[in-house]
Amino acid sequence: MNSKTVNFRKTTKMEEEIVRREIEEQFGKEGLDSLQNRLLWIKDGKIKEVCALRPNIEKIAETISHNLYFAGIPIGSIKKDKFNLEIEGSALISLKSKKIIHIKTDQFLYGKSIFTDNVLRFDEVFKKGELIIIKGRNNVHYGVGETRISSEELQNAPSNTVMIEGSINTPKDRGWYLRRGN
């Protein structure tokens with residue numbers, strides 16, 4: 001039986017800067033506002049999982065005498081000094097940000113790409129290579145993805161152009177919980 005100890009701890013100053021810098025670069029001040037009144041913690045491993053805790057939850061976490069496995073909202077991960085925003089982090093940011101596209105297909109939930117003809121509208125202009133929050137029918141949060149074309153290019157792109165590439169193995173869409181999530 002493997003009884004490896006899990007280390008769940010507060011972020012270091014450098015780890016917190018990595019997370020905050022990436023969110024601000026991708027979503028601006030509105031993205032950072034999503035973390036207001038939240039404290040960042042890390043679950044150590046090959047990939048450092050980043051969680052956002054409210055102060056009252058952090059106080060409870062600090063008083064638990066045995067190894068704490070997890071707490072708060074898992075917003076993303078740090079790998080090789082790069083923060084990767086994931087499903088729940090993008091849901092949190094979507095409450096403040098206008099960097100959202102609305103799509104008419106559920107394919108993204110299966111780890112598949114979003115094509116230009118599946119985009120109904122977008123709330124704010126975006127550049128190629130930016131992260132954008134994806135919402136489906138009834139304004140339901142589907143996840144987050146990196147754009148392969150800009151909002152300007154979207155208007156004239158052929159219908160079979162990939163707008164956002166799907167991701168089977170990375171937690172970018174809500175369908176990941178059924179495919180891979182434990």
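Scroll up to find the structure this text is about.
About the thresholds
Within each chain, residues carry numbers counting from 1 in the order of the written sequence. Only residues with pLDDT of 70 or above have their local features reported here, since the model is predicted, and side-chain atom pairs are shown and tallied only from 80 upward, although totals for entire chains, interfaces and linings are computed over all residues. Side-chain calculation: all heavy atoms of the structure are included, whereas hydrogens and water are not. Elements are defined by DSSP. Helices are runs of H or I of four residues or more, strands are runs of E of two residues or more, and each kind is numbered from the N terminus. Throughout this description, buried means an accessible area under 20% of the type-specific maximum (1.4 Å probe, protein chains only), exposed means over 50%, and partly exposed covers the range between. We call two residues in contact when some of their heavy atoms are within 4.5 Å. Pairs of strands are assigned from DSSP output, requiring at least two bridges between the strands. Salt bridges are counted wherever a side-chain nitrogen of Lys or Arg sits within 4 Å of a carboxyl oxygen of Asp or Glu. For helices, the fitted line uses only the C-alpha atoms of the stretch in contact; every axis is such a line through C-alpha atoms, and the angle between N-to-C directions lies from 0 to 180 degrees. Pairing of aromatic rings covers Phe, Tyr and Trp, the last counted by its six-membered ring, and requires centre-to-centre distances within 6.5 Å; plane angles under 30 degrees mean stacked, over 60 mean edge-to-face, and any other angle means tilted. Our definition puts a charge over a ring when NZ of Lys or CZ of Arg is within 6 Å of the ring centre and also within 35 degrees of the ring normal. The patches described consist of residues with a relative accessible area above 30% and no salt bridge, like charges being joined within 9 Å and nonpolar side chains (Val, Leu, Ile, Met, Phe, Trp, Tyr) within 5 Å. A 1.4 Å probe and the Shrake-Rupley method give the accessible areas. Residues count as covered only by the protein chains that appear here.

Asker: Where do I start with the side chain of S90 in this structure?
Answerer: For S90, the location among the structural elements is in helix α3 (residues 87–94). The class for S90 is buried, based on a relative accessible area of 0%. For S90, the residues in contact, after removing those within four places along its chain, are L85, I133, H141, G143 and V144.

Asker: Would you mind showing me how to read the pairing of strand β5 (residues 82–85) here?
Answerer: Side-chain positions along a regular strand alternate between the two faces of the sheet. Where burial is concerned, the two faces of β5 differ: the one with F83 and L85 is buried and the one with K82 and N84 is not. Sheet topology places strand β4 (residues 73–79) next to β5; four bridges connect them, and they run antiparallel. The partner of G76 across the bridge, within β5, is L85. Between the antiparallel neighbours β4 and β5 lie two residues, among them K80 with a positive phi of about 55°.

Asker: Quick question: what am I supposed to make of the pattern of salt bridges here?
Answerer: Close approach of charged atoms lets side chains of opposite charge pair. All chains considered together, the criterion is met by 13 salt bridges. The closest approach of N and O atoms between E49 and K43, which form a salt bridge, is 3.7 Å. Taking the relative accessible area as the measure of exposure, K43 reaches 9% and is therefore buried. Within the structure, one salt-bridge network assembled from shared partners comprises R9, E15, D44 and K48.

Asker: Explanation requested: the sheet that holds strand β2 (residues 39–43) in the structure shown.
Answerer: Across a sheet, paired strands are connected by hydrogen bonds in the backbone, their directions being either parallel or antiparallel. One open sheet holds the five strands; their spatial order is β1-β2-β3-β4-β5, and the pairing between them is antiparallel. Because the sheet does not close on itself, it has two edges, and the strands there are β1 (8–10) and β5. Looking at each pair of strands side by side, their axes are set apart by 35° on average, direction ignored.

Asker: Explanation requested: the packing of aromatic side chains in the structure shown.
Answerer: For any two aromatic rings, the description comes down to two numbers: the centre-to-centre distance and the angle of the planes. Within this structure, the stated rule accounts for four aromatic pairs. Judged by centre distance (5.7 Å) and plane angle (65°), the ring pair of W176 and Y177 falls under edge-to-face. Counting every residue linked through ring pairs, the aromatic cluster contains F8, W41 and F70. Directly above the aromatic system of F27 lies the positively charged group of K99, at a separation of 5.3 Å from the ring centroid.

Asker: In this structure, what is going on with a nonpolar patch on the surface? I would like to understand it.
Answerer: A cluster of nonpolar side chains, namely I57, I60 and I64, defines an oily patch on the protein surface of about 220 Å² accessible area. Turning to its location among the elements, I60 is positioned in helix α2 (residues 55–63).

Asker: Explanation requested: the sheet that holds strand β6 (residues 100–103) in the structure shown.
Answerer: One open sheet holds the four strands; their spatial order is β8-β6-β9-β10, and the pairing between them is mixed. The open sheet is flanked by β8 (119–122) and β10 (141–146), the only strands paired with a single partner. Neighbour-to-neighbour, the strand axes of the sheet open up by a mean angle of 30°, direction not taken into account. Taken together, the five bridges between strand β9 (residues 131–135) and β10 define a ladder with antiparallel strand orientation.

Asker: Honestly, the environment of T63 in this entry has me stumped. Any pointers?
Answerer: Its location among the elements puts T63 in helix α2. Each C-alpha atom of the pair T63 and F122 lies 44 Å from the other, and the pair is 59 residues apart in sequence.

Asker: Honestly, the environment of G166 in this entry has me stumped. Any pointers?
Answerer: As for its placement among the helices and strands, G166 is situated in the loop between β11 (162–164) and α5 (176–179). The sequence separation of G166 and R9 amounts to 157 residues, and the corresponding C-alpha distance is 32 Å. With residues near it in sequence (within four places) discarded, G166 still touches G111, K112 and S113.

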